[in-house]
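Each chain is listed here by its residues.
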Amino acid sequence: MRSRTANRNGIVLRRYVTPAGDIIVTLLTPQGKLKLIARGGVRGPLSSVLSLFHHVLVQVYQTPGGDLATAKQATLEGALITLALPERYPYAHLLSELADLLFQEGEFSEAAFELYAGGLRGVSRHPDPEWVALVMSYKLLALAGFVPQTAVCALCGTPAPEHPDPHSGQLLCRACAAQPAYSPDVLTYLRGFPRQSVRVLMEAPLNEAGRAELWRALERFVAVQVGRVQSWRVNLPQLAGA
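Residues numbered from 1 in each chain as written. Predicted model: local features only at pLDDT ≥ 70, side-chain atom pairs only at ≥ 80, totals over all residues. Heavy atoms only, no water.

When its secondary structure is counted, the chain shows eight helices and seven strands. In terms of C-alpha radius of gyration, the chain reaches 20 Å, essentially the compact-globule figure of 18 Å for 242 residues. With the model as given, the accessible surface of the chain reaches about 11800 Å², and the carbon-plus-sulfur share is 53%. Distance between charge centroids for the chain: 5 Å, based on 23 positive and 19 negative side chains. (Helix = DSSP H or I, 4+ residues; strand = E, 2+ residues; numbered from the N terminus. Rg over C-alpha atoms; globule rule 2.2 N^0.38 Å. Areas by Shrake-Rupley, 256 points an atom, 1.4 Å probe, with all protein chains shown as cover. Lys, Arg positive; Asp, Glu negative; His and termini not counted. Charge placed at Lys NZ, Arg CZ, Asp CG, Glu CD.)

Here it is as structure tokens:
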């Protein structure tokens, strides 16, 4: 008989405490995304272990006919304590919400786990956590198979478009656009990020104006192609008036 108990290693993407005191968490693991419940967990030792961004080893029991697996035990494998700092926490939170949106339960992707984990490590340690979050957000997007069209205008197909589409995050040609062209640095980034490594992208950080343009393009594209990431407008002032 197949065992209903398994050990799963992952990082806490999302955490919710129910009125009954249960903890519902979503983990990103090398085997895919996993949602589970720790019954009564808020009153026990699992409360501190199953915290956002914690790397944990969980003993999971799949109840027959149940929708959610149950966390029976959990061990803390690693914690990035600097992610609690106010200048770093928002970027870790938006990376987690984006990863939760992009990857489905049961969808095997060890690369997604490694990229997300690397993003959290970078946000926790790098002197420029915003640039880490921006680079890793775009790389997560590409890994999930969502890449903006940059070779031709999204409306008419004219080659080498340079203008933003405020509704979709795609690129438009001059004839189809109503907004000024992107700066050369932003265009270089948008056209190159799917093929370039994280290391190469990290070595060429953009200025504040360029980052704001990239955040806006990312938010518009993700909202149309995948779904809305609620924390972006909360945590990113550059999107407040977009």
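Phi is positive for Phe53, close to 75 degrees, though the residue is something other than glycine. Mapping Phe53 onto the fold places it in the loop between α1 (46-49) and β4 (55-61). Among the residues examined, Phe53 registers a relative accessible area of 8% and is labelled buried. (Buried < 20%, exposed > 50% of the residue type's maximum accessible area, 1.4 Å probe, protein only.)

Here we come to the packing of helix α3 (residues 110-125) against helix α4 (residues 129-143). The interhelical angle for the contact between α3 and α4, taken along N-to-C directions, is 170 degrees, at an axis separation of 9 Å. For the element pair α3 / α4, the angle class is roughly antiparallel. Only Pro129, Val132, Ala133, Met136, Lys139, Leu140 and Leu143 of α4 make contact with α3, whose side of the interface consists of Ala111, Ala112, Leu115, Tyr116, Gly118, Gly119, Gly122 and Val123. Of the residues in the contact of α3 with α4, the class split is 11 nonpolar, three polar and one charged. (Axes fitted to C-alpha atoms, helices over the stretch in contact; angles between N-to-C directions. Parallel < 35°, antiparallel > 145°, perpendicular 65-115°, else oblique. Contact = heavy atoms within 4.5 Å. Nonpolar A, V, L, I, M, F, W, Y, C, P; charged D, E, K, R; others polar.)

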